[in-house]
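# Analysis of the macromolecular model
Next come the chains, spelled out residue by residue.
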Amino acid sequence: MSFGGPTHPYQPPRPPNGGPYPPPPATGPYVPPQPGPAPYGPPPPQPYPPQPYPQPQPYPYVPPGGPGSGGPGWGGLRGAEWPSVRELLRQGQGRISGCVWLVLLAPCTWFTIVPLVACYSFARSARIRAHRLFPPHGHRAVDDRQVLRVQKARAWIAAVMSLLLLAVYGTPEDAVEARELYLMRLAVTPPLLLLSAPVVIAVLFRWASAQTRSAMRVRVRAALRSAGWYIGAVTALPLLGGAIVLLGRDQEASSGSPGAAPWLIIAAALPLVWLLFFVGFATGPAIRTGFNTAAVHLALPALLTGTLVWEFTVISLLAGGLPPGPPVIQVLAVLGGPASVTAVAWWEIRRLRARHGVTLRA
């Protein structure tokens, strides 16, 4: 028994003559269904369009830990720009307890805190200026990791061989002499590099084409400006130091009347401290970049390295003589180091020519 009528689907009444069902009223031209995605539901997955692979740019090289990567704070002191004193105090508000703040703000500690803050501000300002003139990674114009690995391996092998030579054939006097030669190299490297770089650049100008020379001239001017800053800072250090000594002697000879000598000493000491920080932060990058001559030509770092190593060999022979050991060991110790450095430099130039089209001659 059913209460809802017939259970079969509804069908309209048939026409009186028993013909087929009439078609539905046409509202426009009939368009047959097209094959494609269903009108409802998620669209079918589309193939991921291929992306072009980014080609490596050989120049300039920007290191991953360069300026701006670390952000303000103590975590970025090495690779990024140092934070200001205000930023350090702002970050230390939540990390330093109230008792420590009371100790720091006490009048008796101002004589210690104020010089430290002033020294930090001077060091930060000098470091920023030094790294703008001589970028720490400016010598890596082409980031060739294989060349860096070979250079590091050669340096470690040379250090181990020097220690073995001193341990087997050396005496305590030879160890002292080796240390003095190392310190002398550190002191002689900046002026020797300033004298050698123009000679190597002149040779490159002689070999290069006219188009390459025009591009090199602009970069040479920039390198000369940065080298002038360094030379001026190194020259001003003894001048300011001598002025402070003379003012101190005048103060002692004035029999207790202070006058203007203390203020003049302070006025000369402040730039002296800044210049000391500047020379300290600029010397390492300036030597590695050859006073920004690495931007003049991609092969200049290798050429300067090969030139300096032979100059250091001559200076070491004139200053300290032959290393200890038998004659054969002495000859190998004298010629092995510069010969290996020259071979690595020439191999680096060949890789630059093969990979980046860097040529020495027109």
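The structure presented is a predicted model; accordingly, all values stated were derived computationally and were not measured.

## Details of the overall build of the protein chain
Scanning the protein chain for helices and strands turns up 9 helices and 0 strands. When the helices and strands of the protein chain are listed from N to C terminus, the series reads α-α-α-α-α-α-α-α-α. Considering the protein chain as a whole, with its 362 residues, one finds that 25% of them fall into the buried category. If you take every contact in the protein chain between residues at least 6 apart in sequence, the share linking residues at least 24 apart comes to 77%. Total accessible area on the protein chain is roughly 25,000 Å²; 68% of this is exposed by carbon and sulfur atoms.

## Brief notes about helix H5 (residues 172-207)
Of all the bends in H5, the greatest reaches close to 40° and is centred on threonine 189; the proline proline 190 follows between one and four positions later. Residues of H5 that are buried: Leu181, Thr189, Pro190, Leu192, Leu193, Ser196, Ala197, Val200, Ile201, Leu204 and Phe205.

## Notes on the packing of H5 against helix H8 (residues 300-320)
Two numbers describe how H5 lies on H8: the axes approach to 8 Å, and their chain directions differ by 135°. The angle between the axes of H5 and H8 places the two elements in the oblique class. Judged by the twist between their axes, the crossing of H5 over H8 is right-handed. Counted by class, the contact of H5 with H8 contains 16 nonpolar, 5 polar and 3 charged residues.

## Details of the nonpolar core
Counting residues in each nonpolar core, the largest one holds 40 residues, and the members touching the most others are Phe134, Phe278, Phe291 and Leu300. Counting residues per element, the ones that place at least two in this core are helix H3 (110-133), H5, helix H6 (210-253), helix H7 (261-289), H8 and helix H9 (327-356). Setting aside residues up to four positions removed in sequence, phenylalanine 291 forms contacts with Phe134, Pro190, Leu193, Leu194, Ala223, Ser226, Ala227, Tyr230 and Ala286.

## Thoughts on the confidence of the model for the protein chain
For residues with low pLDDT, the predicted coordinates do not support detailed interpretation. Here the protein chain averages 74 in pLDDT, and 66% of its residues register 70 or above. With pLDDT under 50 throughout, residues 50-76 is counted as low confidence; its partners more than four residues away or in other chains account for 34 contacts.

## Quick word on the packing of aromatic side chains
Centre distance and the angle of the planes are the two values used to describe a pair of aromatic rings. This model, assessed by the stated rule, comprises 5 aromatic pairs. Relative to phenylalanine 291, the ring of phenylalanine 134 lies with its centre 6.0 Å away and its plane at 80°, an arrangement referred to as edge-to-face. Of this pair, phenylalanine 134 sits in the loop between H3 and helix H4 (145-169) while phenylalanine 291 sits in the loop between H7 and H8, and the two are 157 residues apart along the sequence. Note on phenylalanine 134: relative accessible area 0%, which makes it buried. Measuring from centroid to centroid gives 5.5 Å for tryptophan 274 and phenylalanine 278, while their planes differ by 5°, and the two rings are stacked. Of this pair, tryptophan 274 and phenylalanine 278 both sit in helix H7, 4 residues apart, which is roughly one turn of the helix. Using a relative accessible area of 22% as the deciding quantity, one classes tryptophan 274 as partly exposed.

## Focus: the packing of H4 against H9
With their axes 11 Å apart at the nearest point, H4 and H9 run at an angle of 175° to one another. Relative to H9, H4 is oriented roughly antiparallel. Contacts from Gln146, Val147, Val150, Gln151, Arg154, Leu165 and Tyr169 of H4 reach H9 at Ile329, Ala333, Gly337, Ser340, Val341, Val344, Trp347, Glu348 and Arg351. Each residue belonging to the contact of H4 with H9 can be placed in one class, and the counts come to 9 nonpolar, 4 polar and 3 charged.

## A short note on H9
Spanning 30 residues, H9 covers 43 Å between terminal C-alpha atoms, matching the ideal 44 Å at 1.5 Å per step. At glycine 336, H9 is bent by approximately 35°, the largest bend along its length, and proline proline 338 sits one to four residues beyond. Restricting attention to buried positions, one finds in H9 the residues Gln330, Val334, Pro338, Val341, Val344, Ala345, Glu348, Ile349, Arg351 and Leu352. In this fold, the buried residues of H9 make contact with H4 and H8.

## As for the environment of valine 203
Mapped onto the fold, valine 203 is located in helix H5. Between the C-alpha atom of valine 203 and that of arginine 361, which follows or precedes it by 158 residues, the distance is 10.0 Å.

## As for the side chain of threonine 313
Structurally, the position occupied by threonine 313 is in helix H8. In this structure threonine 313 comes out as buried when scored by relative accessible area, which is 12%.

Scoring rules and cut-offs
Residues numbered from 1 in each chain as written. Predicted model: local features only at pLDDT ≥ 70, side-chain atom pairs only at ≥ 80, totals over all residues. Heavy atoms only, no water. Helix = DSSP H or I, 4+ residues; strand = E, 2+ residues; numbered from the N terminus. Buried < 20%, exposed > 50% of the residue type's maximum accessible area, 1.4 Å probe, protein only. Contact = heavy atoms within 4.5 Å. Areas by Shrake-Rupley, 256 points an atom, 1.4 Å probe, with all protein chains shown as cover. Bend = angle between axes of the 7 residues up to and from the residue. Axes fitted to C-alpha atoms, helices over the stretch in contact; angles between N-to-C directions. Parallel < 35°, antiparallel > 145°, perpendicular 65-115°, else oblique. Left-handed = near helix turned anticlockwise from the far one by under 90°. Nonpolar A, V, L, I, M, F, W, Y, C, P; charged D, E, K, R; others polar. Core = buried A, V, L, I, M, F, W, Y, C linked by side-chain atoms within 4.5 Å. pLDDT = per-residue confidence, 0-100. Phe/Tyr/Trp six-rings, centres within 6.5 Å; stacked < 30°, edge-to-face > 60°. Expected span 1.5 Å × (residues − 1).

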